[in-house]
Each structure stands twice: as structure tokens, then as C-alpha cells.
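What follows is the residue order along each chain.
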Amino acid sequence: MAAASCQLTEDQFLCSICLDVFTHPVSTPCGHTFCKACITQHWNINVPSQCPNCNKMFSTRPELQVNTFISEMAAHSSEQQAAKPAEVPCDVCTGTRLKALKSCLVCLESYCETHLEPHLTRPGLKRHQLIDPVGNLEDRMCTKHDKPLELFCKTDKMCVCMLCTYSDHKNHDLVPLTEEYEGKKAELKKTDDEIQQMIQKRRLKIQEIKRSVELSEEDADREIAGGVQVFTALKESVERSQAELIHTIKEKQRKTEKQAEGFIKELEQEICELKKRSTEVEQLSLSEDHLHLLQSSRTLKAAPPTKNWTGVRVTPPSYEGTVVRAVNQLEETLSNQMKKLLEIALKRVQQSAVDVTLDPDTAHPKLILSDDGKQVKHGDVRKNLPNNPERFNTSVNVLAKKSFSSGRFYYEVQVIGKTKWALGVVRESINRKGKIKLSPQKGFWTICLRNENEYKALTGPSVRLSLRSGPQKVGVFVDYEESLVSFHDVDAAALIFSFTGCCFKEKLFPFFSPGNNDGGKNSAPLIISPVNHTK
């Protein structure tokens, strides 16, 4: 079948009546083939029956026979797709140009399935190099020598033909195209592997970001729920306090009104009795009978007893302090709620606890560090240490070993018994030599204790902190992405101070300054304490 198909031309698959690929091909007794519908319609119109090709006359309309061979070949031909605009067409097809399956680098032509057959069967053509179909095969010929481009010049990074090796590319580093192809293919494979790794890393980063968004959303929902609960409780407390205040005031007013009503009722009763006596006296005084008046006046009822109302007063109740007391009570409620919130806040930042150890290479020569790197105090003796770039040589400071350049971290420092100290975080590039001013502008985000009870945030200029009591343990929390540094009184679960809107562009190091010994008054060490999560 394949051998036969390669010898048939495309025209042999077309009906001579409709000029399209056969549909239900049938043959006449004279051997010609047509679409069944075409020849039937033709004979219905043209009488007597005659072959449209050879004009042979039939006395009676002949019986048509299905042409199985042509039917199969036509069906096979119709299954092959015509080349679309973006596809390479067959260079041999006439009429409808079918989609090419291969291109020949020797013949410089592209072939559909039918016309490719000779290259698959004939010995001479089987040696030709076939590739996936490409357009513009002339681009694969040397424009100077009109020969196939078979070599690659590594010197000039271009494809050349054999004749080029004797002229423009003589003595150049030349390799066969296949060799350069394999090398370039391996290089592209390596590049693609790297690209795929980059894609995978970015996909993982997308997952990480999405997970961060999910966690952020969960935190936001939890924070909103907690906030709504707190504010609902506060709202209810305010409404309850307001209701109690109104009730107290109205109750005082009600008692005043009740007292006044009692006085008024008693006075009205006396007025009624007095009016009765007034009427009797008036009637008797109008009598002109001397004897009757004198006798009746002796029997006149005595005046009813009356109260001395001179000192009776209805004094409006005093509301002085009622609102103040209600507000004070509300303030106490708010204070309790605030304390709970601060405890929750402290508990959350403690989830970011990290292990901090002091770095002896940064410590001032008079500082004494414990063997485990968790304590530091000021000594009187200056040790003979190398003045390396990392070391503070004038200010009695020391940094932690570990730095942080992203995320959140938290640590706690015990300051019991000290009269001076400074704590916080600093950027890596701070000045460590000579006199140092602690301020955010210089890369220091710190708070300090001076003169036993003078607490300050070193904001440049510094801000004095009003604390109810001095902290015994200070928690330091940093959120790098949020540009936040906050200090907490761990035992009181209270916020001491926060630096916001910080400019973080470098690594951050925990910072410690135990202060001068001060003749033993400030000999207690700063102690990095393990974090005990609040319950």
C-alpha cells in the first residue's frame, strides 16, 4: 500500500466532477472513478448516461462499483492535514499543500507523509539528513559558496561550509556542526537546569509568601477577635458604669422627691384643718346675738396642733464626686483590661525568644564576662586585649555574638541591683572607637538607667520615662520588617518604651552596657536570663 501510494499523484485522489478528494468513490464500467453523489447527479441531469471522462455511452445506466482501493487512499489522504499559516508546508504538494513532517538538508526541501516516502525507502535518499520541518532552508546554505553549512567556526562563532575552511576561516578552530550542537545542547541543558532550579526556588518562595500571608491573616483574625472581645467588654463596662451612675443620681432625686411629697402632704392636711376652723370662727364672728356669741366661743374647738415649719427644708442632694467615682471605677476596670492585654502582648513577643551570648571580641577591656557569656560587669582593671576593629575602646559596651537581619527576635536581661545600665540593639556599622553618643541617628536603639532612678529612652534627644517602679528584668523585642524595637518590664508585664519607624538596612546586634563600677555601687552584673514564658 505504501509503495503504491508513493506512485499516485495528488490529482488521482480528486473527483473530476467536484475537483475535491473523493467521497464514497465508485467506478464506471469504463474504469473511471467519481464521487457516488457526483456521478449520480450528473446522470440525473444528462441523459443518456455517458462517462464524463471518456464520453463512453451506456444504453442503460450501469451499476456502479465501490472502488475500495481509491476509497482507502482518499481517506488516508484526507486524514493528512493541510499546513496552517504557522506550519511548514510540503514543497512537493500541488493544490492544497499538506503539513510537512520532515525537511531534507541535502535536497533543501520539506515533505509531507506521502512525499517523504522515497527518502524512507530508496537507498540513495535514505542517506540524506532529515530534520524536523523548518522554513527557509536556503538559510542553511553558505551565501558565499552555495554549499551546505556543515562546520562551526569557534574562532568567529559562526556556521561555515567546507569551502570556507580554505578561505576566510583557514587555520581557524573548526568542528563539525554535530559536535558543536552536542556541546551547545549540553550547555543549554545546564542552563535550563539552572533556570528550572530558579523557577523551583521562586515557586517555593511563592509558597512561603502565601503561607506568610495565611499566617498573617490568621494573626489578623485572632487579633481582631481579641480586640472585639476587649472593646466589647469595655463598651459593656462603660454602659454598665453609665447605667449605675444614672441609677445613683435618679435614686437620690427620687428620695428627695419622696421627702418633699411627705412634707407637702402634711402641710396640705394642716391647711385643710385650719380652713375648717377659719370657717367656724368666721361664722361665729358674724353673729349679732351677744349671748350666743359668748356662749359659743367657749365651746369652739381648740385649734388643731400644727408643726413649726420654720426649720423644715428640702435640701437638693449633692452629686459632687458621683461622676468622678464612677470614672475612677471605670478607670480601674480599664487598667485591669490593659494589664491583661499587656500580658498577652508579652506572651506573644516571648514566642520569638532567641539564645543570646556575649561576644568577648567586642567587649571593652575593663568589662568582665562570665565563662558562659551570659553575664557582664565593669571591673577596675583594664585587661591587655588587642584593639581589633570590633572592640569598644572607650565606652564600656559589649555586643552579642549573633546578629539578625530579618524576622523577629526577643531576649531578656536581669538588671537587679544596678544603678546604671543601657540595653537595646545596634546596627553593625556603628562607631566603636572613642566617645559614642547613643541615638537612632548613630545606629543605636536603646534605653538606659541613670542616677539610680532616672530612666530614659535615648531617642536623640533623650526622653525621660515615667515608670511606676524600676524593672527588675527587661525584655527586648525587635521586629525587623516592621521597623520596631520595644522594651518590656517582664515582671509587671508592662510596656516600657517602643521605637517605631526605625531604619533597618544592616545586621542588628543586641547591645549591653553595664555602666561603670562607681566604687562598687554598680557592681551587679547584667545577666542574660532564659525566657520563662508567661502563663
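Quick caveat, the model's predicted, so the values are computed rather than measured.

S.K.: What is the right way to look at the overall build of the protein chain in this model?
M.R.: For the protein chain, the count of helices and strands is eight helices and 22 strands. If you line up the protein chain on its principal axes, its C-alpha atoms span 175 × 105 × 35 Å. For the protein chain, with 535 residues in total, the buried portion stands at 32%. Looking at the protein chain alone, contacts between residues at least 24 apart form 55% of all its contacts between residues at least 6 apart. When the accessible area of the protein chain is evaluated, it comes to approximately 34400 Å², of which 53% is carbon and sulfur surface. Charge centroids of the protein chain, computed over 73 positive and 69 negative side chains, lie 7 Å from each other.

S.K.: Before we go on, may I ask you to explain the environment of Tyr 181 in this structure?
M.R.: When you line up the elements, Tyr 181 lands in helix H6 (residues 177–285). Tyr 181 sits in the partly exposed class, given a relative accessible area of 46%.

S.K.: Would you mind going over the environment of Glu 452 with me for this structure?
M.R.: Its place among the elements puts Glu 452 in the loop between strand S15 (444–450) and strand S16 (454–457). Judged by its relative accessible area of 54%, Glu 452 falls in the exposed class. Taking the C-alpha atoms as reference points, Glu 452 and Lys 521, separated by 69 residues in sequence, lie 9.8 Å from one another.

S.K.: Help me understand the packing of aromatic side chains, please; the structure alone is not making it clear to me.
M.R.: The relative placement of two aromatic rings is captured by the distance of their centres and the angle of their planes. Tallied over the entire structure, the rule returns 11 aromatic pairs. When the ring of Phe 444 is compared with that of Phe 511, the centres are 5.7 Å apart and the planes differ by 85°; the resulting orientation is edge-to-face. Here Phe 444, found in strand S15, pairs with Phe 511, found in strand S21 (residues 508–513); they are 67 residues apart in sequence, far enough to count as distant. You'll find Phe 444 and Phe 511 in the same group, each marked buried. Arranged with centres 6.2 Å apart and planes meeting at 70°, the rings of Phe 487 and Phe 499 form a pair that is edge-to-face.

S.K.: Would you take a moment to explain unusual backbone geometry for this structure?
M.R.: The phi torsion of most residues other than glycine is negative, and most of the peptide bonds are trans. The amide bond that connects Gly 460 to the next residue, Pro 461, takes the cis arrangement and shows omega of 5°. By the element assignment, Pro 461 lies in the loop between S16 and strand S17 (463–464).

S.K.: I would appreciate a short explanation of the sheet that holds S15 in the present structure.
M.R.: Two orientations exist for strands paired in a sheet by backbone hydrogen bonds: parallel and antiparallel. A sheet is described by the order of its strands in space; here six strands give the open sequence S12-S21-S14-S15-S16-S17, paired in antiparallel fashion. Two strands lie at the open edges of the sheet, namely strand S12 (398–399) and S17, each paired on one side alone. When S16 meets S17, the two strands line up antiparallel, connected through two bridges. Within S17, the position partnered with Lys 456 by the bridge is Arg 464.

S.K.: Can you walk me through the packing of H6 against helix H8 (residues 322–350) in this structure?
M.R.: The relative placement of two packed helices comes down to the angle between their axes together with the axis-to-axis distance. At a minimum axis distance of 10 Å, the contact between H6 and H8 shows a crossing angle of 165°. The orientation of H6 relative to H8 falls into the category roughly antiparallel. Seen from above, H6 lies across H8 with right-handed handedness. When the residues that make up the contact of H6 with H8 are grouped by side-chain class, the tally is 11 nonpolar, seven polar and five charged.

S.K.: Would you explain the state of the cysteines in this entry?
M.R.: As used here, a disulfide is simply a covalent bond connecting the sulfur atoms of two cysteines. Following the criterion strictly, the structure yields zero disulfides and no others. Sulfur of Cys 18: no disulfide; nearest cysteine sulfur belongs to Cys 38 and is 3.8 Å away.

S.K.: Whenever I open this one, the nonpolar core confuses me. Can you help?
M.R.: In summary, soluble globular proteins display a tendency toward joint burial of nonpolar side chains. Ranked by internal contacts, the top residues of the largest apolar core, which has 37 residues, are Trp 421, Val 485 and Phe 512. Trp 421 has contacts with Val 415, Ile 447, Cys 448, Leu 449, Arg 450, Tyr 455, Val 474, Ser 513, Pro 514 and Leu 526, leaving out every residue within four places of it along the chain. Listed in part, the 12 residues of the second largest apolar core include Ala 422, Ile 430, Leu 458 and Phe 511.

S.K.: Just checking my understanding: could you explain the pattern of salt bridges for this structure?
M.R.: Close approach of charged atoms allows side chains with opposite charge to pair. The tally for this structure, following the rule as stated, stands at 16 salt bridges. The partner of Lys 144 in a salt bridge is Asp 168, with the nearest N and O atoms 3.0 Å apart. With Lys 144 in the loop between strand S6 (130–131) and strand S7 (151–153) and Asp 168 in the loop between strand S8 (158–160) and strand S9 (174–176), this residue pair connects regions lying 24 residues apart in the sequence. A salt bridge links Asp 479 to Arg 408; the nearest nitrogen and oxygen atoms lie 3.0 Å apart. Of this pair, Asp 479 sits in strand S18 (residues 473–479) while Arg 408 sits in strand S13 (residues 408–414), placing them 71 residues apart in sequence. A relative accessible area of 6% places Asp 479 in the buried class. Here Arg 408 falls in the exposed class, since its relative accessible area comes to 52%. Taken together, the shared-partner salt bridges connect Arg 211, Glu 214 and Glu 218 into one network.

S.K.: Please explain the side chain of Lys 374 as it appears in this structure.
M.R.: When you line up the elements, Lys 374 lands in the loop between strand S10 (367–369) and strand S11 (375–378). Non-local contacts of Lys 374, meaning those with residues more than four positions away in its chain, are made with Asp 355, Val 356, Thr 357, Leu 358, Leu 526, Ile 527 and Ile 528.

S.K.: What is the right way to read the pairing of S16 from this model?
M.R.: Strand residues, when the strand is regular, have side chains that alternate between the two faces of the sheet. In the sheet, S15 pairs with S16 via four bridges, with the strands oriented antiparallel. Residue Cys 448 lies in a different strand from S16, and its bridge partner there is Lys 456. In sequence, S15 turns back onto S16 through a hairpin of three residues, with Asn 451 there showing a positive phi of about 55°.

S.K.: Even after reading the chapter, I still don't get helix H2 (residues 36–45), so can you show me in this structure?
M.R.: Because the α-helix completes a turn every 3.6 residues, residues three or four places apart line up on one side. Restricting attention to buried positions, one finds in H2 the residues Cys 38, Ile 39 and Trp 43. Angular distribution of buried residues about the axis of H2 spans 125°; they occupy a single face of the element. For H2, exposure combined with an orientation more than 90 degrees from the buried face picks out Ala 37, Gln 41, Asn 44 and Ile 45. Looking at the buried side of H2, the elements it contacts are strand S1 (25–27) and strand S2 (33–35).

Quick notes on the rules
- Residues numbered from 1 in each chain as written.
- Predicted model: local features only at pLDDT ≥ 70, side-chain atom pairs only at ≥ 80, totals over all residues.
- Heavy atoms only, no water.
- Helix = DSSP H or I, 4+ residues; strand = E, 2+ residues; numbered from the N terminus.
- Buried < 20%, exposed > 50% of the residue type's maximum accessible area, 1.4 Å probe, protein only.
- Contact = heavy atoms within 4.5 Å.
- Areas by Shrake-Rupley, 256 points an atom, 1.4 Å probe, with all protein chains shown as cover.
- Lys, Arg positive; Asp, Glu negative; His and termini not counted.
- Charge placed at Lys NZ, Arg CZ, Asp CG, Glu CD.
- Phe/Tyr/Trp six-rings, centres within 6.5 Å; stacked < 30°, edge-to-face > 60°.
- Pairing = 2+ DSSP bridges.
- Axes fitted to C-alpha atoms, helices over the stretch in contact; angles between N-to-C directions.
- Parallel < 35°, antiparallel > 145°, perpendicular 65-115°, else oblique.
- Left-handed = near helix turned anticlockwise from the far one by under 90°.
- Nonpolar A, V, L, I, M, F, W, Y, C, P; charged D, E, K, R; others polar.
- Disulfide = S-S within 2.5 Å.
- Core = buried A, V, L, I, M, F, W, Y, C linked by side-chain atoms within 4.5 Å.
- Salt bridge = Lys/Arg side-chain N within 4 Å of Asp/Glu carboxyl O.
- Arc of directions from axis to C-beta.

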